Amino acid sequence: MIAKTTRRLALAGLLALGLAAPAAAQGFPAKPLTLIVPFAAGGPSDVIARLLADHMGRTLGQQVVVENIAGAGGTAGAKRLAASDADGHTLLIHHLALAAAPSLYNNLGYDTQTAFAPVGLVNTGPMVVAGKLALPPVDAKAFFPFAKLQADKLTIAHAGIGSNAHLCAVLLSQALGAKFTQVAYRGTGPAMNDLVAGQVDVLCDQSTTAVPQVQGDKVRAYAVTSSERLGVLPNTPTAREAGTDLEMTIWHGLYAPKATPAAALDKLNGALKAALKDPVVLERFKSVGTSAFPESEWSREAHAKRFGSEISKWATSLKAAGVTQQNVN
């Protein structure tokens, strides 16, 4: 009798556990979500984050609050996510710099390979090599030879070690065989402001924030780092067209803490997919020279695969460029 009672209790416990997972999934999200942007407000990651936050919030039925945690080339925001509760209510939007960080920094405070659960890929696009209006070269053919000869006198801005702008500056220096004076900011938003004001000479910025400044005649676009010209900047050549071996494609992805339940991750991925299907979002992406990933790459698995390959890719590239690790603080 005791044995039968024990078996019944065990079975009831298993049934309860089996019912708990769907119930938990149905109850997610149970409160507003936080979307961490690891760079300053107004920068390219911030622009994309706010588009997604609005749409995903409506899909999920909870507000998605954007929180800018700038610093240390985007690693401060990543560290914050790694230490967050793994319940799906805290997310991070980051670009390929998250994958480059292990090759750039010691003492990150997290293991990039194991700390994050990829939620889904967002958008992809090129960088724009831009200069202040007062620079003498008026086009790419004049700019690259000028930059090579005058590199030691030119300042190139970026958003901190490991940022897309920094990685592009590294590749540009490598392509030209020249070394610029680098000026680090806490985001490309402030860096772009100083480029417009003429306080720095050059900035290799994501199309999402560079295009409006170029179209407003506030800075000069010399080249894009894609294999083809951008439709929104038809008169700006690719770097390769200008005879420079520079090509770089950036991308954003959404992340949650590693132990986040699969049911929550799936729901978040579904909300992201809904945003990427919205013509309003896609048109906004297009207007700033970026685009959503193809639908075949919207799964969590596709994101995880790309993330792993980028970690290996940047380890090789940065080593070849002679970039050494430094302490994150």
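Residues numbered from 1 in each chain as written. Predicted model: local features only at pLDDT ≥ 70, side-chain atom pairs only at ≥ 80, totals over all residues. Heavy atoms only, no water.

Caption draft 1: Seen up close, the overall build of the protein chain. Tallying secondary structure elements over the protein chain gives 11 helices and 12 strands in all. On C-alpha atoms alone, the protein chain measures out to a radius of gyration of 22 Å, which is about the 20 Å that the 2.2 N^0.38 rule sets for 329 residues. Considering the protein chain as a whole, with its 329 residues, one finds that 53% of them fall into the buried category. Pairs at least 24 residues apart make up 79% of the contacts formed inside the protein chain by residues separated by at least 6 positions. Accessible surface, the protein chain: about 14,400 Å² in total, of which carbon and sulfur atoms supply 54%. Charged side chains in the protein chain number 29 positive and 23 negative. The centres of these two groups are separated by 7 Å. (Helix = DSSP H or I, 4+ residues; strand = E, 2+ residues; numbered from the N terminus. Rg over C-alpha atoms; globule rule 2.2 N^0.38 Å. Buried < 20%, exposed > 50% of the residue type's maximum accessible area, 1.4 Å probe, protein only. Contact = heavy atoms within 4.5 Å. Areas by Shrake-Rupley, 256 points an atom, 1.4 Å probe, with all protein chains shown as cover. Lys, Arg positive; Asp, Glu negative; His and termini not counted. Charge placed at Lys NZ, Arg CZ, Asp CG, Glu CD.)

Caption draft 2: Focus on helix α6 (residues 164-176). Taking 1.5 Å as the rise per residue, α6 with 13 residues should run 18 Å; its terminal C-alpha atoms sit 18 Å apart, in good agreement. When α6 is considered as a whole, its buried residues turn out to be Asn164, Ala165, His166, Leu167, Cys168, Ala169, Val170, Leu171, Leu172, Ser173 and Leu176. Two residues or fewer after α6 comes Gly177, characterised by a positive phi angle close to 65°. (Expected span 1.5 Å × (residues − 1).)

Caption draft 3: Structural view of the nonpolar core. Leu52, Phe144, Met248 and Leu254 are the most contacted members of the largest nonpolar core, which totals 82 residues. In this structure, Leu254 is in contact with Leu35, Leu52, Met56, Leu92, Ile93, Ala117, Pro118, Val119, Gly120, Val122, Leu272 and His303, ignoring residues within four places of it in sequence. (Core = buried A, V, L, I, M, F, W, Y, C linked by side-chain atoms within 4.5 Å.)

Caption draft 4: Looking closely at the state of the cysteines. One pass over the full model with this rule turns up one disulfide. Paired through a disulfide, Cys168 and Cys204 show a sulfur-sulfur distance of 1.9 Å. Of this pair, Cys168 sits in helix α6 while Cys204 sits in strand β8 (residues 202-206), and the two are 36 residues apart along the sequence. Summarising the burial analysis for this pair, Cys168 and Cys204 share the class buried. (Disulfide = S-S within 2.5 Å.)

Caption draft 5: Representation of the pairing of strand β2 (residues 64-68) within the structure. Pairing geometry for strand β1 (residues 33-37) and β2, over five bridges, is parallel. Of the residues in β2, the one forming a bridge with Leu33 is Val64. A crossover links β1 with its parallel partner β2, the connecting element being helix α2 (residues 44-60), and its sense is right-handed. (Pairing = 2+ DSSP bridges. Right-handed = clockwise from strand over helix to strand, strands pointing away.)

Caption draft 6: Examining the packing of α2 against helix α10 (residues 279-287) more closely. Orientation of α2 relative to α10, taken along the N-to-C sense of each, is 175°, at an axis distance of 11 Å. One element, α2, and the other, α10, form an angle in the roughly antiparallel class. Facing α2, whose interface residues are Val47, Ile48, Leu51 and His55, α10 presents Val281, Arg284 and Phe285. A breakdown of the residues in the contact of α2 with α10 according to their chemical character gives five nonpolar, one polar and one charged. (Axes fitted to C-alpha atoms, helices over the stretch in contact; angles between N-to-C directions. Parallel < 35°, antiparallel > 145°, perpendicular 65-115°, else oblique. Nonpolar A, V, L, I, M, F, W, Y, C, P; charged D, E, K, R; others polar.)

Caption draft 7: Representation of helix α7 (residues 188-196). For α7, the complete set of buried residues consists of Thr188, Gly189, Ala191, Met192 and Leu195. Each buried residue of α7 sits inside an arc of 160° when the element is viewed along its axis, so together they form one side. Positive backbone phi, at 80°, marks Gly198, one or two positions downstream of α7. (Arc of directions from axis to C-beta.)

Caption draft 8: The pattern of salt bridges, seen in detail. Applying the stated rule across the entire model yields 10 salt bridges. Here Glu67 ties to Arg80 by a salt bridge, and the two come within 3.2 Å at their closest N and O atoms. Separated by 13 residues along the polypeptide, Glu67 in strand β2 and Arg80 in helix α3 (residues 75-82) bring together distant segments of the chain. Classification of Glu67 by relative accessible area gives partly exposed; the value is 26%. Residue class for Arg80 comes out partly exposed when judged on its relative accessible area of 36%. With its nearest N and O atoms 2.8 Å apart, the salt bridge here joins Arg240 to Glu247. Assessed through its relative accessible area of 45%, Arg240 is described here as partly exposed. (Salt bridge = Lys/Arg side-chain N within 4 Å of Asp/Glu carboxyl O.)

Caption draft 9: Spotlight on the side chain of Gln206. Along the polypeptide, Gln206 turns up in strand β8. For Gln206, a relative accessible area of 3% corresponds to the buried category. Not counting residues within four places of it along the chain, the set of residues in contact with Gln206 comprises Pro44, Ser45, His95, Pro126, Met127, Asn164, Ile250 and His252.

Caption draft 10: Main features of unusual backbone geometry. Residue Pro29 follows Phe28 across a cis peptide bond; omega there is -5°. Summarising the element assignment, Pro29 is placed in the loop between α1 (2-27) and β1. The backbone of Asn107 sits at a positive phi, close to 55°, despite the residue not being glycine. By secondary structure assignment, the location of Asn107 is in the loop between β4 (105-106) and β5 (116-131). Phi is positive for Asp217, close to 60°, though the residue is something other than glycine. Its place among the elements puts Asp217 in the loop between α8 (207-215) and β9 (220-224).

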